[in-house]
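Reading the structure
Here is how the chains run, residue by residue.
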Amino acid sequence: MQAQPAQLIHPRSESGSDLFIDYYWNLLGEALQRTEARYGPTRVIQTPDLMNHKRAMEELARGRIDIYVRAYIPPSYADQLKLVPFPLDKGLIGHRLLLIHRDMQARLRQVKTLEDLKAFSIVQGAYWIDADILEAAGLRVVRSTSYLGMFDMIANRNVDLFSRGANEILAEYRDHSARLPGLVMDEALGLVFPMSFYFIVANTAAGHQIRRRVLEGLEAMVTDGSFERSYQLLKRKSLEGVPVQGRTVIRLANPFYDKPDYMVGRRGMWDQAVFR
């Protein structure tokens with residue numbers, strides 16, 4: 001009788017389109033396939049209940065789930081969680097476009113510098129690294145614990161801007177624009193800062209084994225070209241019909257990626273051509 005495959009449990013995310021979220025878990029599946037001969041078969045399972053970032057990290061630290069995907073490990077979890085050092089989306093999520101109310105567009109066409117942008121309020125998730133990056137740049141950030149509520153805040157003119165990753169915005173706009181007719185995608189600006197999603201695991205013996213295996217599988221995908229093909233497909237589908245050229249691009253620093261595991265300096269692993 002064939003042994004049952006081991007299981008890797010990951011949380012169901014409260015936010016993000018299927019395209020956005022499925023990309024990462026499909027990469028995980030391929031990485032596990034590449035390493036099956038050495039480590040054995042493994043089945044990836046999603047939890048039935050939704051989890052925000054805070055809950056997912058708590059569940060991961062407690063051993064109730066096995067792997068998660070996030071852009072950053074906060075200092076409060078630095079001893080409990082471990083990053084897999086591989087930028088999964090080549091920084092595409094750090095190329096930011098804006099959801100706005102249609103009446104905001106004329107004002108945004110006048111924005112040319114970071115100082116100009118400081119006149120606007122930007123809503124972000126309360127526990128997102130995006131919020132910390134924008135605040136570190138001196139921007140006025142409004143933090144929200146409700147993912148869906150942030151779209152309503154834009155449509156109701158409670159805040160000015162909702163910054164979204166280039167691999168998030170199109171699907172989210174399609175999901176919410178019908179019920180929120182004032183919601184539009186800004187056509188004038190692009191924000192750029194170093195940010196990617198990474199797999200994270202528990203800082204335990206079992207977590208370290210998962211980390212080694214996943215990294216081996218991802219590096220094998222780099223070698224055979226399948227990782228780049230997957231990324232280019234994500235990029236093309238994410239930005240289909242979205243004008244990205246000719247925008248005013250404002251570049252921000254990310255002071256939170258100062259550790260080697262974020263691999264900011266790894267050549268070929270960060271897309272520099274999104275807004276060109």
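Scroll up for the structure.
Notes on the structure follow. (Residues numbered from 1 in each chain as written. Predicted model: local features only at pLDDT ≥ 70, side-chain atom pairs only at ≥ 80, totals over all residues. Heavy atoms only, no water.)

This next bit is on the nonpolar core. The biggest cluster of nonpolar side chains holds 93 residues, and the ones touching the most others in it are L108, L117, L161, M195 and F199. For this core, the leading source of residues is helix α1 (residues 18–34), giving 9 residues. When neighbours within four sequence positions are excluded, L117 is seen to be in contact with V111, L139, L161, L189, L191 and I250. (Core = buried A, V, L, I, M, F, W, Y, C linked by side-chain atoms within 4.5 Å. Buried < 20%, exposed > 50% of the residue type's maximum accessible area, 1.4 Å probe, protein only. Helix = DSSP H or I, 4+ residues; strand = E, 2+ residues; numbered from the N terminus. Contact = heavy atoms within 4.5 Å.)

Looking now at the sheet that holds strand β11 (residues 198–202). Taking strand neighbours across the sheet as the criterion, the 3 strands line up as β3-β11-β4 in an open arrangement whose pairing is antiparallel. Strands at the two margins of the open sheet, each flanked by one partner only, are β3 (68–70) and β4 (81–83). On average, each strand axis in the sheet is tilted by 40 degrees relative to the strand beside it, whichever way the strands run. Summarising the sheet, β3 and β11 pair through 3 bridges and their orientation is antiparallel. (Pairing = 2+ DSSP bridges. Axes fitted to C-alpha atoms, helices over the stretch in contact; angles between N-to-C directions.)

Looking now at helix α7 (residues 147–155). With 7 of 9 residues buried, α7 lies mostly within the body of the structure. Among the residues of α7, Y147, G149, M150, F151, M153, I154 and A155 are the ones counted as buried. At the N-terminal end of α7, a side-chain oxygen is found 2.9 Å from the backbone nitrogen of G149, two or three residues along, and the residue is S146. Where α7 terminates, the next one or two residues include R157, which has phi positive at roughly 65 degrees. (Polar contact = N/O pair within 3.5 Å; in protein donor to acceptor, adjacent residues only side chain to side chain.)

Considering all chains together, one arrives at 22 salt bridges under this definition. Here E59 makes a salt bridge to R62, at a shortest N to O gap of 3.9 Å. The salt bridge involving E135 is made with R143; its shortest N-O contact spans 3.0 Å. Looking at E135, the relative accessible area reads 37%, which means it is partly exposed. Looking at R143, the relative accessible area reads 32%, which means it is partly exposed. When salt bridges with common partners are traced through the structure, they connect E30, R34 and D224 into a single cluster. (Salt bridge = Lys/Arg side-chain N within 4 Å of Asp/Glu carboxyl O.)

We now examine the packing of aromatic side chains. Inspection of the entire model under this criterion finds 12 aromatic pairs. Ring geometry for F151 against F162: centres 5.1 Å apart, planes inclined by 75 degrees, an arrangement best described as edge-to-face. Within this pair, whereas F151 is found in helix α7, its partner F162 is found in strand β8 (residues 161–165), the two being separated by 11 residues in sequence. The burial state of F151 is the same as that of F162; both residues are buried. Between Y198 and Y262, the aromatic rings sit 5.5 Å apart at their centres with planes inclined by 85 degrees, giving edge-to-face as the arrangement. Taken as a pair, Y198 in strand β11 and Y262 in the segment after β12 (248–251) lie far apart in primary sequence, 64 residues in all. What links up through ring pairs into an aromatic cluster is the set Y72, Y198, F256, Y257 and Y262. Taking the ring centre of Y127 as reference, the NZ or CZ of K54 above it sits at 5.8 Å. (Phe/Tyr/Trp six-rings, centres within 6.5 Å; stacked < 30°, edge-to-face > 60°. Lys NZ or Arg CZ within 6 Å of the ring centre and 35° of its normal.)

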